[in-house]
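# Tertiary structure, described
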Amino acid sequence: MHLVKSIDVLLTMDPSRPGALGGLENGAVLMDGERIVWCGRSSEAPDAEFVVDGTGYIGMPGLVDCHTHMTWAGSRADEFRRRLAGENYTDILESGGGILSTVAATRAASLEWLTEVTVERLHRALSHGVTTVEIKSGYGLEKQAERRQLVAARSAGEKVGVSVLTTFLGAHTVPAEWRDKRAGYTQDVIVNQLPYVADVADFIDVYVDRGAFSVAEGKAILEAGQAMGLGARVHAEQVAYTGAAQMAAGLGALSADHLEQLDEAGVKAMAEAGTVAVLLPGAMLYLKDPAPPIAELRAAGVRMAVATDFNPGSSPVSDLWTCVSLACISMGLTIEEALKGVTINAALALGLSDRGVIREGMRADLALFRPPPGEPVSEAVLVQHMGGHKADHVWAQGRKLV
Ligand code: NIG
Ligand code: FE
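Quick summary incoming for the structure in this document. (Residues numbered from 1 in each chain as written. Chains lettered and ligands numbered in written order. Predicted model: local features only at pLDDT ≥ 70, side-chain atom pairs only at ≥ 80, totals over all residues. Heavy atoms only, no water.)

## Side note on the packing of helix α4 (residues 111–127) against helix α5 (residues 143–160)
Packing of α4 against α5 brings their axes to within 8 Å, and their N-to-C directions diverge by 45°. If you check the angle between α4 and α5, you find them oblique. Regarding α4 and α5, the two cross each other, and that crossing is right-handed. Where α4 approaches α5, its residues L111, L114, T115, T118, V119, L122, H123 and L126 are matched on the opposing element by R148, V151, A152, A153, S155, A156, G157, K159 and V160. Residues of the contact of α4 with α5, tallied by class, amount to 10 nonpolar, 5 polar and 2 charged. (Axes fitted to C-alpha atoms, helices over the stretch in contact; angles between N-to-C directions. Helix = DSSP H or I, 4+ residues; strand = E, 2+ residues; numbered from the N terminus. Parallel < 35°, antiparallel > 145°, perpendicular 65-115°, else oblique. Left-handed = near helix turned anticlockwise from the far one by under 90°. Contact = heavy atoms within 4.5 Å. Nonpolar A, V, L, I, M, F, W, Y, C, P; charged D, E, K, R; others polar.)

## Digging into the coordination of the iron ion (ligand 2)
Distances from the iron ion (ligand 2) to its protein donors, H67 (NE2), H69 (NE2), H235 (NE2) and D309 (OD), fall at 2.1 to 2.3 Å. Donor residues binding the iron ion (ligand 2) come from one chain and are separated in sequence as H-x1-H-x165-H-x73-D. On the criterion of sequence distance, the pair formed by H69 in the loop between β6 (63–65) and α1 (77–84) and H235 in strand β10 (residues 231–236) is long-range, its members being 166 residues apart. Given the relative accessible area of 2%, H69 is considered buried. (Donors = N, O, S within 2.8 Å, 3.2 Å for Na, K, Ca; no water. Buried < 20%, exposed > 50% of the residue type's maximum accessible area, 1.4 Å probe, protein only.)

## Description of the site of ligand 1
Near ligand 1 lie 15 residues; those nearest to it are R76, Y89, Y139, Q238 and S314. Contacts to ligand 1 include Y89, whose side-chain N or O atom sits 2.6 Å from an oxygen atom. One of the side-chain nitrogen or oxygen atoms of H172 is found 2.8 Å away from a nitrogen atom of ligand 1. Relative to its free-state accessible area of 330 Å², ligand 1 is covered by the protein chains to the extent of 100%. More than half of the atoms belonging to ligand 1 lie within 2 Å of the grid points that define the largest cavity. Partitioning the shell around ligand 1 into residue classes produces 4 nonpolar, 9 polar and 2 charged. (Near = heavy atom within 4 Å. Polar contact = N/O pair within 3.5 Å; in protein donor to acceptor, adjacent residues only side chain to side chain. Areas by Shrake-Rupley, 256 points an atom, 1.4 Å probe, with all protein chains shown as cover. 1 Å grid on protein atoms, 1.4 Å probe; cavity = no way out; pocket = protein on both sides within 12 Å on 5 of 7 lines; lining within 4 Å. Sits in = over half its atoms within 2 Å of the grid points.)

## Observations concerning the packing of aromatic side chains
Any aromatic ring pair is given by two values, namely how distant the centres are and how the planes are angled relative to each other. Throughout the structure, instances matching the rule amount to 5 aromatic pairs. Arranged with centres 6.0 Å apart and planes meeting at 50°, the rings of F80 and Y286 form a pair that is tilted. With a gap of 206 residues between them, F80 in helix α1 and Y286 in helix α10 (residues 281–286) connect regions that are remote in the sequence. Judged by relative accessible area, which is 39%, F80 ranks as partly exposed. Its relative accessible area of 28% is what places Y286 among the partly exposed residues. Taken together, W178, Y185 and F213 form an aromatic cluster joined through their ring pairs. Here K181 stacks its cationic end above the ring of W178, 5.1 Å away from the centre of that ring. (Phe/Tyr/Trp six-rings, centres within 6.5 Å; stacked < 30°, edge-to-face > 60°. Lys NZ or Arg CZ within 6 Å of the ring centre and 35° of its normal.)

## Thoughts on helix α6 (residues 182–197)
Approximately 35° is the largest bend angle found in α6, and it occurs at D188. Of all the positions in α6, only Y185, T186, D188, V189, I190, Q193, L194 and V197 are classed as buried. (Bend = angle between axes of the 7 residues up to and from the residue.)

## Focus: the sheet that holds β10
Across the sheet, 8 strands lie side by side as β6-β7-β8-β9-β10-β11-β12-β13; this open sheet has parallel pairing. The strands lining the two open edges of the sheet, one partner per strand, are β6 and β13 (304–306). Averaged over all neighbouring strand pairs, the angle between strand axes comes to 25°, with direction disregarded. Across the sheet, α5 touches β7 (130–136) and β8 (163–171), and the angle it forms with β8 is around 170°. Where α6 meets the sheet, it contacts β8 and β9 (203–207), and its direction lies at approximately 150° from that of β8. (Pairing = 2+ DSSP bridges.)

## What to know about the nonpolar core
Of all hydrophobic cores here, the largest spans 111 residues; its most connected members are L122, M270, L297, L333, L339 and L366. Apart from the residues lying within four places of it in its own chain, the contact partners of L122 are M70, V133, I135, A156, G157, V160, V162 and V164. Of all hydrophobic cores here, the second largest spans 14 residues; its members include C66, L165, V278 and A346. (Core = buried A, V, L, I, M, F, W, Y, C linked by side-chain atoms within 4.5 Å.)

## Some remarks on the side chain of D205
Residue position: D205 is located in strand β9. Look at D205 and you get buried, because its relative accessible area is 1%. At a separation of 2.8 Å, a polar atom in the side chain of D205 contacts the side chain of K136. At 3.1 Å, the side chain of D205 forms a polar contact with the side chain of H235.

## Looking at the packing of α6 against helix α7 (residues 215–227)
Orientation of α6 relative to α7, taken along the N-to-C sense of each, is 5°, at an axis distance of 10 Å. The orientation of α6 with respect to α7, classified from their angle, is roughly parallel. Residues R182, T186, V189, I190 and L194 of α6 form the contact with α7, whose participating residues are E217, A220, I221, A224 and G225. Taken together, the residues that form the contact of α6 with α7 break down as 6 nonpolar, 2 polar and 2 charged.

## Observations concerning unusual backbone geometry
Backbone phi values are negative for most residues with the exception of glycine, while trans is the configuration of most peptide bonds. One non-glycine residue, M13, adopts positive backbone phi at about 65°. Mapped onto the fold, M13 is located in the loop between β1 (2–11) and β2 (23–32). Judged by relative accessible area, M13 falls into the buried class, the value being 4%. With a phi angle near 50°, E237 is a residue other than glycine that sits in the positive phi range. Judged by its relative accessible area of 1%, E237 is buried.

See the structure below:
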């Protein structure tokens, strides 16, 4: 058994404890194998064989990055330059660049290469205290390349020891060879790709937007995925308003993500269905989009998660801590909302109730952070100082990885 004790500030995220983040001063966590078996004040901690001193640290559940496109090949630095010069994301996509340029590079990459690059990216995430990552396909857009991405993502997770959940996103955009037959491509996703990848995917996602898929196409694809046992999530209301969030909520989707253009009816539908709002401030910043309607989501009681959307185009942001700060600064979340957004609520966006909280019975995912030099041991400091926070100790399912 491993005991971590004398943690100055332990954010358990446990709703049954007092305080917005279930915080404990001088906290302790006891882990036995893959599980947490006890959590409380250090003065009441049981004895253990191995003891780690948490003095000077902020402790929290291993972070959950619940929306990424981490497995890709190629670079979009040239496109970034074009966007800085005034071209916009959707026009570049519609003229064959953007996501489509990443598709060309990813199709040409081997399983080994995709696995290796994902391993490197996951190591970076882990260094920031992230122990669970969702990774989408969507840069293959034909069955073999889609499957290769999903397999690479899963095996990279096994190699690094981070828990990876995979999402099939064959409906990311219509590939060039189907450009003039888009109804045919939607059928290809449902009939050919989905059955070919379903055993290596946990979820299904669709990018519903101008220049991507319609609400009706998205609904058909999500329903087909649900029928094969995959949880539904959707890229909704990002660039143009479409009604995708309402559609997703109607299907009982786990999450609707982006939401910059979300309307009142969408907020209401998500609240009723318990669909989690996944906020992606990296994409909002890079695409110069307006903020999602945070006050309305909050008032309606919609749970909010925060993720990186890490991808080579709209959000080349690998550091979840940067997104925590941006969610507060550019979207208006409170410090507590942002921290719940990368722990308990991010786990719920993935349908997981075994992590994101430090409590007896939960997965032993724990990260310890020192505040920046000269700053007090307080969670507010980690959010105020943007990004780059390296975890000093990380346990993932009880394994000490950092
Ligand atoms: O979440 N919006 C669509 N999909 C991704 C972008 C992926 C890309 O640009 O390569 C997103 O922003
Ligand atoms: Fe995305």
